Amino acid sequence: MASTPLETELVVPKHASKEVIDIDDEEDDELSPIEQVRLTVSNDDDPSLPVWTFRMWSIGLLSCVLLSFVNTFFSYRTEPLVISMITIQVVSLPIGKFMARTLPTRKFRIGSKEFSLNPGEFNIKEHVLISIFANTGAGFGSGPAYAIGIVTIVKAFYGRRISFLASWILVITTQVLGYGWAGILRKYVVDPATMWWPSSLVQVSLFRALHEKDNNRMSRGKFFLIALVCSFSFYIVPGYLFMTIGTISWICWLYPKSITAQQIGSGMRGLGIGSLTLDWSVIASYLGSPLISPFFAIVNITVGFMLIMYVVLPTAYWGFNLYNAKNFAIFSENLFDDNGQIYNVTAIVNDKFEIDMPAYKQQGHVNLSVFFSLTYGIGFAGVISTITHVALFHGREMYEKYKAAHSGKVDIHTRLMRNYRDIPTWWFHILLLLSLALSLGLCIFMKDEVQMPWWGLIFAAAIASIFTLPISTPGLNVITEYIMGLILPGKPIANVCFKTYGYISMAQAISFLSDFKLGHYMKIPPISMFIIQLLDLDKKENCIKLIYYSELTNCSLQKCIGTIISGTVNIGTAWWLLTTVENICREDLLPAGSPWTCASDSVFFDASVIWGLVGPKRIFGSLGYYSALNWFFLFGAIGPLIVWMLHKAFPTQRWIALINLPVLLGATAVMPPATTVNFNCWIIVGVVFNYYVFRYRKTWWQRYNYVLSAALDAGVAFMTVLIYLSLSMNNKGISWWGNDGEHCDLATCPTAEGLDLGHACSVAAMDIETSKLEVEDDLSPVEQVRLTVSNEDDPTLPVWTFRMWTLGLLSCVLLSFLNTFFSYRTEPFVITMITIQVITLPIGRFMARTLPTRKFSIGSMEFSLNPGPFNKKEHVLISIFANAGAGFGSGTAYAVGIVDIIKVFYHRKISFLASWILVNTTQVLGYGWAGILRKYVVDPGEMWWPASLSQVNLFDALHEKDNKRMSRVKFFLIAFICSFSWGFVPGYLFPTIATISWICWIYPKTVTAQQIGSGMNGLGVAAFSLDWTSIASFLGSPLVSPFFATVNVAVGYVAFMYLIMPTVYWGFNLFNAKNFPIFSSDLFDSHGQVYNVSAIVNNQFQIDMPAYEKQGRVSLSMFFALSYGIGFAAIVSTLTHVALFNGREIYEQFRASKKDGKVDIHTKLMRKYKDIPNWWFYLTLLVSLLLALALSIFMKDEVQMPWWTLIFAAGLALIFTLPISIITATTNQASFKILSSYFNSMRNFSLYREVNIYLPLKTPGLNVITEYAIGLILPGKPILNVCFKTYGYISMAQAISFLNDFKLGHYMKIPPRSMFIVQLIGTVIAGTVNIGVAWWLLSTVENICQHELLPPNSPWTCPNDRVFFDASVLWGLVGPKRMFGSLGNYPSLNWFFLLGAFGPLLVWLLHRAFPSRKWIQLINLPVLLGATANMPPATAVNYNCWIITGTIFGYFVFRYRKAWWLRYNYVLSAALDAGVAFMAVLLYFTLTMNETNVSWWGANGEHCELATCPTAKGIVVDGCPVY
């Protein structure tokens, strides 16, 4: 057992006795071999201390009776508070000291014996024995005796009779039976020093802390009285006046008519989200007082509870509808029939108290709520996982300690204990014989009352005795009831009796042995221990017990007294309540809000029905519904094995060994009857006291924490009994809203369609609208295309117009310039073609109204500057021009990054000609084979390219006529002016508002706070921006992203940024994460310094190995390293996901596309236009390839690329283009079905074509594949690596972009030749402008991209190029072998490839196993893994604001202002883009180039300078504190 906060206050008792045995001078080898024992247990013994005193007997007996009564009383209530012995530990100390001061010291004689009422100071051993008496009354933390539940279900639930005598014998014998064989086993598991029983040490620590003297502070007694009065006084409110605050489920109050909301919000019958309580009895019920639970235990329970309650349960209920879960309440311990009605158990019980099979067949199978059924499955797994976990992780240790126990060597404690007489073995034999004889008498002479045959008792006792030696009470209750249910089904009381004799007798044996070890540590004479333990007849579970005593002789007298106290009080109180409280335990018959619901007994009754009456065969076997739950046994066996294998495979990852499946699985073992409100508040209170108070007010915690717990328990207990005796028994209650429960009446309702339960639950009929579309032969075979694309065409519309050329070329040049310009800035804002789509529409219409219509002739050609109205086809071609200028959504040409890193980061030379060829050939190369493949992936109707449909929708929406509202043009101008004007503030006057990381302002000197709060270099908690460039950088405009895409990104981002990152950084310090910043794209050495890359590059522009070995391995920040691992997983998961979920569809559509003859309407219409001759594509391919070869041959020194690597890269791209084009053309990697269902749910098909948006076009990450491949083949050459990657990856990406645009033209009926010419010319122009602007900026902006040399807060930090440079170092210069291979720090990241391969497979298997759960196939791992693909260079503030803005416009505005969204959403996005773009360029030319800057606090960045600091001890970085 791990150390607890108790161990922080260990003091050795200072007893002033000359008889103290001190072993300070003993040899060290006599000390305990267990360190925890050496630190906790005193090696002294004082046999002279009096313990058999009047004080001990009077306080002890009173405590036993009081706690026995109170705990049995509470056990029948909805919140069965258990008053533990800690209350008496605290209370009895001042009382004992008071008695020591006031009782007479006179001595009395009885025969030869002399005694005194006051033999001296109240001592620790008296205190212990009093606590043991109290512990019997507390059931050792479990309440009343386990067998009381049998009496309760017989009388209250089954309505049958059982005599008081039979009940009394049942309670006593089940508690005592196991003591016999436990004593016989004592020499094996108590005497040896290696058998150290960790649970005993906690109470040793607590007693020593309580007896420490400290007169400088308020006494514990005074504090206890104050807290007791407060607790007692306050409990009248939740206990009588205002019971609703016992469970405050406020979500139910907000949604009084919503079943789902109440299922989510109910703290008693639902998930309990947001539910809380102001009632201590609710907090401390079931789990005990949270104040006395160590923090690590709270954390374990919290993790298990959260996983089961908020991941497993919602998935099983709403996702899978597992076991027809929606037919029943989401959280209930009741039993149901198939129709959702409460199962009538009494109807299937015959006169012999056995199952009535005809009645059972008539009523049908027993059903459980999904939570109740899952708790059984988890229980099955918990039983086996305990055994497996202990065997694997502790088996060798246990074996070695057990072997050492027989070596003959003893420690100091065993040596001191040999000074006392040992217990004769025949004592245990007699005890075993007597308890067994009494039990047999019960089974033989009162068999009709308990149903259990005599052989069942022998069998149960045998099971318990077998398990006692090797095991510490894993869930033997499940094992025993399962066995007896199979052997003797149909007899409910026989089953629970068998379970109680088998399980509790073993638990009592374990408790007996644990107590003996405690007595061993405290040097209690064994005979005295045995006799005192016989007083503890109320044991239940394996709890911590303390037994101290000196000498005794009269065993039988004490045994009788113990039996009467512990047995009679429990059964007497139970009998009294069962006969006086009307309808006790019958929740359906009790008044509303009655506390007498017997929550624990209700679950016990259900178990008797499930395992006994009906039997496991008809529940968990072939005759029942829940046979699949038996697989949990296998999971429990294999789960710890997997963890153990991971631990053996990665022995340095010590955290793996801390994954304790039995603890996690057992977190919700008390649910039901415990509910979520119990767990919620228990966790919160436990964390507050055992983490925050313990950490920041440790002195207070040590002195008063347990006293406060005891006072709260006692105050609530006494007030509850007082209320019952004075008010409740006289039927004096208060009737008002505040006493009507939690007001979640609908939380118990089922949600399945069509159930008619005839009570408060109302099941809303769901309108299911289905529309079947008759598909004509020539219509598109794809429904989405039929719904979106027009089947008409007007071939007479002019497209090759002056307006198209003018606006198109201008758009291409403008976007090329602006996007290249922005690509070097800290927020590399990308202006997409959507901006041009919106802007050019009014401009085109203006030109159509103003240009002359006169016709001109050139030879036989006739044309006009204004051939008529501005039409949609012109608009499309202008947008294609613009798309080329926008780098097809990527900003600037990819190859510009190569030029940047050569000139700026490596400080080498590359000519403008080489740069121009590099940029243009990488952009155009893929067009050749893309054109050749066009007939396979564009013409067929089955190849539908989902991404292109969004543009079709937008064009249709923009060209819709509507004169009733403000025109889009006017709206655009207003928004543009606002955006342009505001851009001056964050762009020049007040740059700090571009990243408002206010946590850094509050904590200017705290590294951790700035790591958490920084939006640029940290987790960005609560960081936000008032600058549109920060919002739209990296991820694009959030206004054009569909909401489901925003949600996908948000889920992936939050999981990665706020769960994984903090865990691996602060929790595991993975890859020495604390040596480096938490978030950075820089490269580091092992000492946390920025890696000097230029020092390891030789004159040949290759790696200098001696310099590399001297500087050491390259290290990455934790985030950067994990981003590569997730990137690996994303690559493989994309292929696996598409193959599994879309493979058949892709194959069938591709096969259908190959069939001759049949074409859809769009292909038919396109045949009216001249097709593109194939030689155009061949010529494009040949010219671009020849130029690229010339670059590789004649300018090889500048690009490092041999000619054969160019051929290799082109070959890779060619091979991947066809299959990935097919994938993209049929799936877009993001299922259209998500979007379709989203819009279908809006029930607004009239708007469907206007609002249908698709995810951006994506292709699998061939960039990683190419750089990995060439990095292995030719390491040490950084520019070769990035050139190879660019030719391999970008040429394929350009080919797919080309094909996607062609499909757009196909849908819009654009002449193919026009499409080709516009694409080709636009690409060449864009490439030329890209390299021209780049060359200009690289030559004119001093220290561009060198953030360490730039002025503070300069915008020219080039974040994209920084990451591109890092990639050239990692994959090219250093090479993957020295980074991700055996020679690097990160070989374990390669496991992410395996994760990516198997992740979608698991999802697919779940989908195949549960085909009716359609949401499973929507789990898109590539999308989730790719959520943070842009980080770095993107930062937390970009994601935060993008997600918030996207949610506002994509959900709230779309849902509540749909008409506005349809008309102005994209216009607003375009206006915001254009406004900030033009202002940024204006600021640069007018102010920045003239070095006219503003210097003040608001222009000095985000003020999170410490966010980039490491936090490891001893790492020294300039400007950072040293830990």
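Summarised in this report is the structure supplied together with it. All values reported here derive from a predicted model rather than from experimental measurement.

One pair of aromatic rings is described through two measures. These are the centre distance and the angle between the planes. Applying the stated criterion across every chain, the model contains 81 aromatic pairs. Seen from their ring centres, phenylalanine 157 and phenylalanine 605 are 4.9 Å apart, and the 20 degrees between their planes marks the pair as stacked. Taken as a pair, phenylalanine 157 in helix H5 (residues 148–157) and phenylalanine 605 in helix H26 (residues 599–614) lie far apart in primary sequence, 448 residues in all. Among the residues examined, phenylalanine 157 registers a relative accessible area of 12% and is labelled buried. With 5.6 Å between their ring centres and 80 degrees between their planes, phenylalanine 305 and tyrosine 310 make a pair best called edge-to-face. Among the residues examined, phenylalanine 305 registers a relative accessible area of 0% and is labelled buried. Grouping aromatic residues by their ring pairs yields a cluster made of Phe372, Tyr376, Phe380, Tyr482, Trp611, Phe620 and Phe633. Taking NZ or CZ as reference, arginine 160 lies 4.9 Å from the ring centre of phenylalanine 353, over its face. The cationic tip of arginine 825 hangs over the ring face of tryptophan 1356; the distance from NZ or CZ to the ring centre is 5.2 Å.

Bridge count for strand E1 (residues 107–110) against strand E2 (residues 113–116) is four bridges, and the pairing is antiparallel. In the sheet register, isoleucine 110 faces E2, and the bridge partner there is lysine 113.

What follows concerns the state of the cysteines. Scanning all chains against the criterion turns up five disulfides. The disulfide partner of cysteine 252 is cysteine 744, and the gap between their sulfur atoms is 1.9 Å. As the torsion about the S-S bond is roughly 105 degrees, the cysteine 252-cysteine 744 disulfide counts as right-handed. With cysteine 252 in helix H12 (residues 250–254) and cysteine 744 in the loop between helix H30 (698–726) and helix H31 (783–788), this residue pair connects regions lying 492 residues apart in the sequence. A relative accessible area of 1% places cysteine 252 in the buried class. Note on cysteine connectivity: cysteine 585 is disulfide-linked to cysteine 598, with sulfurs 2.0 Å apart. Between cysteine 585 and cysteine 598, the S-S torsion sits near -75 degrees, and that sign places the bridge as left-handed. A residue pair is termed long-range when its members are at least 10 positions apart, and cysteine 585 in the loop between helix H25 (555–580) and H26 and cysteine 598 in the loop between H25 and H26 qualify at 13 residues.

Okay, the packing of helix H48 (residues 1174–1194) against helix H55 (residues 1312–1340) next. With their axes 12 Å apart at the nearest point, H48 and H55 run at an angle of 15 degrees to one another. Relative to H55, the element H48 is oriented roughly parallel. Between H48 and H55 lies a crossing whose hand is left-handed. On the side of H48, the interface is formed by Trp1176, Phe1177 and Thr1180, while H55 contributes Arg1313, Phe1316, Ile1317 and Leu1320.

Here we come to the pattern of salt bridges. Evaluation of the coordinates by the stated rule reveals nine salt bridges. Between arginine 934 and aspartate 1171 there is a salt bridge, with the nearest N and O atoms lying 3.0 Å from each other. One end of the pair, arginine 934, is in helix H37 (residues 934–937); the other, aspartate 1171, is in the loop between helix H47 (1161–1166) and H48, with 237 residues separating them in the sequence. With a relative accessible area of 6%, arginine 934 lands in the buried category. The class for aspartate 1171 is partly exposed, based on a relative accessible area of 41%. The shortest N-O distance in the salt bridge between arginine 1362 and aspartate 1082 comes to 3.8 Å.

A surface patch of nonpolar side chains, about 1,100 Å² in accessible area, is lined by Phe234, Leu241, Trp250, Trp253, Leu254, Tyr255, Leu276, Leu278, Ile734, Trp736 and Trp737. The element contributing the most residues to the nonpolar patch is H12, with three residues. With respect to the helices and strands, the residue tyrosine 255 is situated in the loop between H12 and helix H13 (259–265). The exposure class of tyrosine 255 is partly exposed, given its relative accessible area of 46%.

With that out of the way, let us pick up unusual backbone geometry. Most of the time, phi is negative for any residue but glycine, and the peptide bond is trans. With an omega dihedral of -25 degrees, the bond running from methionine 1431 to proline 1432 counts as a cis peptide bond. Along the polypeptide, proline 1432 turns up in the loop between helix H58 (1421–1425) and helix H59 (1436–1456). Here the residue pair proline 1432 and proline 1433 is connected by a cis peptide bond, since its omega of 15 degrees sits within 30 degrees of zero. Locating proline 1433 in the fold gives a position in the loop between H58 and H59. A positive phi is found at phenylalanine 353, a non-glycine position, where the angle reads about 60 degrees. If you trace the backbone, phenylalanine 353 turns up in the loop between strand E3 (335–336) and helix H16 (357–363).

Another aspect to go through is helix H33 (residues 833–850). With 18 residues, H33 ought to run about 26 Å at 1.5 Å a step, and its terminal C-alpha atoms sit 25 Å apart, in line with that. At threonine 840, H33 is deflected by roughly 30 degrees, the largest bend along its length, and proline proline 842 occurs up to four residues later in sequence. The element H33 is extensively covered by neighbouring structure, given that 13 of its 18 residues are classed as buried.

With that settled, the discussion passes to the side chain of glutamine 923. Inspection of the secondary structure assignment puts glutamine 923 in helix H36 (residues 912–932). Each residue touching glutamine 923, except ones within four places of it in the same chain, is listed here: Ala893, Tyr894, Ile1290, Gln1294 and Thr1323.

Reading the values: the criteria
Residues numbered from 1 in each chain as written. Predicted model: local features only at pLDDT ≥ 70, side-chain atom pairs only at ≥ 80, totals over all residues. Heavy atoms only, no water. Phe/Tyr/Trp six-rings, centres within 6.5 Å; stacked < 30°, edge-to-face > 60°. Helix = DSSP H or I, 4+ residues; strand = E, 2+ residues; numbered from the N terminus. Buried < 20%, exposed > 50% of the residue type's maximum accessible area, 1.4 Å probe, protein only. Lys NZ or Arg CZ within 6 Å of the ring centre and 35° of its normal. Pairing = 2+ DSSP bridges. Disulfide = S-S within 2.5 Å. Axes fitted to C-alpha atoms, helices over the stretch in contact; angles between N-to-C directions. Parallel < 35°, antiparallel > 145°, perpendicular 65-115°, else oblique. Left-handed = near helix turned anticlockwise from the far one by under 90°. Contact = heavy atoms within 4.5 Å. Salt bridge = Lys/Arg side-chain N within 4 Å of Asp/Glu carboxyl O. Patch = residues over 30% accessible without salt bridge, like charges linked within 9 Å, V, L, I, M, F, W, Y side chains within 5 Å. Areas by Shrake-Rupley, 256 points an atom, 1.4 Å probe, with all protein chains shown as cover. Expected span 1.5 Å × (residues − 1). Bend = angle between axes of the 7 residues up to and from the residue.

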